[in-house]
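Chain and residue survey
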Amino acid sequence: MKNNDLEKVFDAACGNIPLKEPRDLWPGVSMGIKGRREQARHSKALWTVGFTAAAVLLVLSIPGASESIKNGLKRIFSSAYSVQLGGNAAATGTLISTDGELKQIRAGDILLEVRVTGMDEQRAMIELSVFYTGKQAGGPARKLISKPRILAMKGKPAEITVTDNQGKPVYKFKMTPTEKDPASYTGTLAPIPPAP
Amino acid sequence: MDETDTQIVDRVLSGETDAFKQLVSRHQRLLYDLSFRLTGNAMEAEDITQAAFIKMFSNLNSYKKELAFKNWAYTITLNIARNRLKRKALLRFLPLGIFSPANGDDDIRVQEPAEAGSSPDARLAAKDMRSGLENAISALPEELKTPFVLYHLHKNPVKDISETLGISPNAVNIRIYKARERLAAALAPEYPEHFN
């Protein structure tokens, strides 16, 4: 039999097959939607609590402030970094930026913007902005969580510690802005394991 | 005039989440029928359809309005059903069958409703043929079964099926063609008057 004929045969035969009737699925769907919302609200609340407080209780330290600096700034920064936030897989790489250039590091829903600016022969300003970029009810969000700045000494490690509302460190940002070739610049952003 | 799916989606996105119930009520029958024909299990089909609606709700922000909501809904349902089928196929290879469904759950079938009209003999013959056809459809491989069901049972145009499955209309036609050939070959010995 030709397939064109078969089409007609199956059209007729399948016309007799009723669709399967489900029971009303809305109650189950509705419960599932509520469950998802609760879950999302819960995880969002943890971030919000942690980082809203972190913005207030930011601890800045400038180690090596009294050290004498011999190197000059060459207007190029190169920083190896490692980011692991909120249970996401660690993201690593090297951040190369020119003087004052804004660069981005993404770790899951967290977006870090880093700007390194040479101030004078001895000091460099490191500005860090931490954004939450996950989805919210009105669409994608871009919410600033904290925006610490630190005046660092060239050639010495600078450290920014972000803490939660209990004063417990959440993560550290480390950077050593030094001059010369890009390979001599290093930086890390490492999570601090929770205290036992 | 009836509200379109897109208008309902807009209402849900603007915060009227209960309006989603209308989308469930409109599409649950077709999605459930497809899930049932893919899994052959009423409980699993319900579960897949509910999971699909929950996923649709969660991802409503990413729904592109140039795509018919029904096709989008089909695609999501199919993805969930396919993943479950894959998982099941994998579980069969596990030793001791420790994760296999217990108590023959796979064999649950929906009771067919009795039909009105025509003589008892004709009804019996029609039902017999229908039952043979349904069994033959259920034995088709998934890549042929889905386009066949969407075309002959759900009466979707080839263009929509192509959009749902993400394959060309020509590929859809070929799969439907092959499905018909296989079904005719399987049914011809028992129903020569229809398929020879």
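Residues numbered from 1 in each chain as written. Chains lettered and ligands numbered in written order. Predicted model: local features only at pLDDT ≥ 70, side-chain atom pairs only at ≥ 80, totals over all residues.

**Describing the overall build of chain B**
Using the following cut-off: Numbering of helices and strands runs from the N terminus, with a helix taken as a DSSP run of H or I at least four residues long and a strand as a DSSP run of E at least two residues long. With C-beta atoms placed from the backbone, the exposure class of a residue follows from how many other C-beta atoms lie within 10 Å of its own: 20 or more, buried; 12 or fewer, exposed; in between, partly exposed. Placing C-beta atoms from the backbone, we regard two residues as in contact once those atoms come within 7 Å.
For chain B, the count of helices and strands is nine helices and zero strands. Listing the helices and strands of chain B from first to last along the sequence gives α-α-α-α-α-α-α-α-α. When the 196 residues of chain B are sorted by exposure, 31% land in the buried category. At a minimum sequence separation of 6, the contacts of chain B that also span at least 24 residues come to 62%.

**A few points about the environment of Ser35 of chain B**
Residues and elements named next belong to chain B. Along the chain, Ser35 turns up in helix H2 (residues 20-39). Residue classification places Ser35 among the buried residues on the basis of 28 C-beta atoms within 10 Å. With 39 residues separating them in the primary sequence, Ser35 and Tyr74 have C-alpha atoms 9.6 Å apart. Those residues within four positions of Ser35 in sequence are excluded, and the remaining contacts are Ala45, Ile48, Thr49, Thr77 and Ala81.

**Thoughts on the packing of helix H6 (residues 142-153) of chain B against helix H7 (residues 158-165) of chain B**
Residues and elements named next belong to chain B. Convention followed: To obtain an axis, a line is fitted to C-alpha atoms, over the contacting stretch when the element is a helix, and the angle between two such axes runs from 0 to 180 degrees between their N-to-C directions. Helix crossings fall into two classes, left-handed where the near helix is turned counterclockwise from the far one by less than a right angle and right-handed where it is turned clockwise. Charged means Asp, Glu, Lys or Arg here, nonpolar means Ala, Val, Leu, Ile, Met, Phe, Trp, Tyr, Cys or Pro, and polar covers whatever is left, Gly included.
One can describe the packing of H6 onto H7 by two numbers: an axis separation of 10 Å at closest approach and a directional angle of 145°. Like other packed secondary-structure pairs, H6 and H7 cross with a definite hand, here right-handed. Mapping the contact onto sequence places Thr146, Pro147, Leu150 and Tyr151 in H6 and Val158, Ile161, Thr164 and Leu165 in H7. Each residue belonging to the contact of H6 with H7 can be placed in one class, and the counts come to six nonpolar, two polar and no charged.

**Let's talk about the nonpolar core**
Threshold: The term nonpolar core refers to a set of buried Ala, Val, Leu, Ile, Met, Phe, Trp, Tyr and Cys residues connected through C-beta atoms within 7 Å. These domain limits were set by an automatic method or by a database of domain assignments.
Within the largest apolar cluster, 46 residues are counted, with the highest numbers of intra-cluster contacts made by Ala52, Phe53, Ala73 and Phe148 of chain B. When contributions to this core are tallied by element, the ones reaching two or more residues are helix H1 (3-15) of chain A together with H2, helix H3 (42-58), helix H4 (69-91), helix H5 (120-138), H6 and helix H8 (169-187) of chain B. Among the elements that line this core, the one with the most residues is H2 of chain B, at nine residues. Taken domain by domain, this core gets at least three of its residues from each of domain 1 (5-97) and domain 2 (118-191) of chain B.

**Thoughts on the interface of chain B and chain A**
Between chain B and chain A, the contact holds 32 residues from the first and 25 residues from the second. Of all the secondary structure elements, the ones that give two or more residues to the side of chain B that touches chain A are H2, H3, H5, H6, H8 and helix H9 (192-195) of chain B. Broken down by element, the side of chain B that touches chain A gets its largest block of residues, nine residues, from H2 of chain B. Considered class by class, the residues forming the side of chain B that touches chain A number 16 nonpolar, nine polar and seven charged.

**Comments concerning the confidence of the model for chain A**
Should the pLDDT be low somewhere, the predicted coordinates at that spot are not to be read in detail. All names here are of chain A. Just so we agree on the cut-off: Residue-level confidence of the predictor is what pLDDT reports, using numbers from 0 through 100.
Within chain A, residue pLDDT values average 66, and 44% of them lie at 70 or more. Here strand E1 (residues 59-61) stands out as the element of chain A with the lowest mean pLDDT, 40, in contrast to H1, whose mean of 84 is the highest. Contacts from residues 51-74, a stretch scored under 50 in pLDDT, to residues over four places away or in other chains number 57 contacts.

**Observations concerning the environment of Gln22 of chain B**
All names here are of chain B. Here Gln22 shows up in helix H2. Judged by the 17 C-beta atoms lying within 10 Å of it, Gln22 is partly exposed. In sequence terms Gln22 and Ile8 are 14 residues apart; their C-alpha atoms lie 7.7 Å from each other.

**Section: unusual backbone geometry**
All names here are of chain B. Phi is positive for Lys155, which is not a glycine, with a value near 60°. Positionally, Lys155 belongs in the loop between H6 and H7. Overall, Lys155 belongs to the exposed group, with 11 C-beta atoms counted inside 10 Å.

**Topic: H3 of chain B**
Applied cut-off: One less than the number of residues in a helix, times 1.5 Å, gives the span that helix is expected to have.
Counted at 1.5 Å a residue, the expected span for H3 of chain B with its 17 residues is 24 Å, and the 24 Å between its end C-alpha atoms agrees. For H3 of chain B, the complete set of buried residues consists of Glu44, Ala45, Ile48, Thr49, Gln50, Ala51, Ala52, Phe53, Ile54 and Met56 of chain B.

**A word on the confidence of the model for chain B**
Per-chain confidence: chain B averages 82 in pLDDT, with 80% of residues scoring 70 or above. As scored by the predictor, the complex reaches a pTM of 0.55 and an ipTM of 0.76.

**Quick word on the packing of H2 of chain B against H3 of chain B**
Packed helix pairs are specified by the crossing angle of their axes together with the interaxial distance, meaning the distance between the axes. Residue and element names in this part refer to chain B. Let me state the cut-off plainly: These descriptions rest on fixed angle ranges, namely under 35 degrees for roughly parallel, over 145 for roughly antiparallel, 65 to 115 for roughly perpendicular, and the rest for oblique.
Packing of H2 against H3 brings their axes to within 8 Å, and their N-to-C directions diverge by 140°. The angle between H2 and H3 places the two elements in the oblique class. Read as a crossing pair, H2 and H3 show a hand that is right-handed. Contact residues: H2 offers Phe20, Val24, Gln28, Leu31, Tyr32, Ser35, Phe36 and Thr39, while H3 offers Ala42, Glu44, Ala45, Glu46, Ile48, Thr49, Ala52, Phe53 and Phe57. Looking at the contact of H2 with H3 residue by residue, the classes come out as eleven nonpolar, four polar and two charged.

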